[in-house]
Amino acid sequence: TRTARGIAMAMRNPFTLGPNAMTRRRPGRTSSTHWMAVTREWVNRCGAFDTKCVRLEDCDWYERMIGSGATARFEPSITSRYFPRDTYGEQFRIQVLNAWHRLRLFSRTGRGMRVRHLVPPLTFIMGSVLSATLFPWQYGVSAIVAAYAGLVMVSTAWVIAPELSLLFHASTATIVAHAGHLTGMIAGT
């Protein structure tokens, strides 16, 4: 569907998920990965997936592997098929769960949290404080919403340039992903 294609495009946008392996375009070292392939040596060295992880067990294992001295590379010539969620509601639900479980993982192990995971809640807090203290609230909120919408539209248009007809769907998916992540982070604290 056009919605699913827009969600898939949004997941390629660094503004949506931060700079990670899914948003990269060139080969090289990476601090995160999706759909990883590892040698048996690293499985033996790092152990199996932690069965206490209900979600993000691959992130926990990856962090253990990196902590053991491994390096990860992104190789764009390897093709993977990604099947996005079909609806914005499902995308929202997934982002809430990912953020909530990331906080659980971090609180239990001290691993799995990066600066990019803190950007949505910190941006929300900073925007709320600025709009409440520096501006009459209606102007501050309007300015922040306009700046955010502009960033979403420009970053999305940059990523989906060949398929600008999906701009609305991909931009909406970015906003939904941010709202879900923020909701999960707040619910998890």
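Let me begin by describing the structure that accompanies this report. As the structure is a computational prediction, the values presented were derived from the model and not from experiment.

Inspection of the secondary structure assignment puts His 178 in helix 8 (residues 167–188). His 178 sits in the buried class, given a relative accessible area of 13%. C-alpha separation for the pair His 178 and Leu 17, spaced 161 residues apart in sequence, amounts to 8.2 Å. Contact partners of His 178, with chain neighbours within four places excluded, come to Phe 15, Thr 16, Pro 120 and Tyr 148. Separated by 2.8 Å, the side chain of His 178 and the backbone oxygen of Phe 15 make a polar contact.

What follows concerns the nonpolar core. Trp 42, Cys 46, Trp 61, Tyr 62, Met 65, Ala 70 and Ala 72 together form the largest nonpolar core, which totals 7 residues. If you list the elements that add at least two residues to this core, you get helix 3 (40–46) and helix 4 (57–67). Of the residues forming this core, the biggest block, 3 residues, is contributed by helix 4. Judged by nonpolar contacts, the second largest core, of 6 residues, contains Met 9, Leu 166, Leu 167 and Ala 170.

Helix-helix packing is described using two parameters, namely the angle between the two axes and the distance between the axes. Interaxial distance between helix 5 (residues 88–109) and helix 8 falls to 7 Å at its minimum, and their mutual angle equals 35°. Between helix 5 and helix 8 the crossing geometry is right-handed. For the contact of helix 5 with helix 8, the class distribution of residues is 13 nonpolar, 9 polar and 1 charged.

The next subject is the pattern of salt bridges. One pass over the structure, following the stated rule, counts 5 salt bridges. One salt bridge connects Asp 50 with Arg 108, and the closest N-O pair in it is separated by 3.1 Å. With Asp 50 in the loop between helix 3 and helix 4 and Arg 108 in helix 5, this residue pair connects regions lying 58 residues apart in the sequence. Between Asp 60 and Arg 64 there is a salt bridge, with the nearest N and O atoms lying 3.3 Å from each other. Of the two residues, Asp 60 and Arg 64 both sit in helix 4, 4 residues apart, roughly one turn of that helix. Neither Asp 60 nor Arg 64 differs from the other in exposure class; each is buried.

With that settled, the discussion passes to the side chain of His 181. You can see His 181 is positioned in helix 8. Apart from residues lying up to four places away in sequence, His 181 is in contact with Gln 95, Ala 99, His 117, Pro 120 and Pro 121.

Parameters at a glance
- Residues numbered from 1 in each chain as written.
- Predicted model: local features only at pLDDT ≥ 70, side-chain atom pairs only at ≥ 80, totals over all residues.
- Heavy atoms only, no water.
- Helix = DSSP H or I, 4+ residues; strand = E, 2+ residues; numbered from the N terminus.
- Buried < 20%, exposed > 50% of the residue type's maximum accessible area, 1.4 Å probe, protein only.
- Contact = heavy atoms within 4.5 Å.
- Polar contact = N/O pair within 3.5 Å; in protein donor to acceptor, adjacent residues only side chain to side chain.
- Core = buried A, V, L, I, M, F, W, Y, C linked by side-chain atoms within 4.5 Å.
- Axes fitted to C-alpha atoms, helices over the stretch in contact; angles between N-to-C directions.
- Left-handed = near helix turned anticlockwise from the far one by under 90°.
- Nonpolar A, V, L, I, M, F, W, Y, C, P; charged D, E, K, R; others polar.
- Salt bridge = Lys/Arg side-chain N within 4 Å of Asp/Glu carboxyl O.

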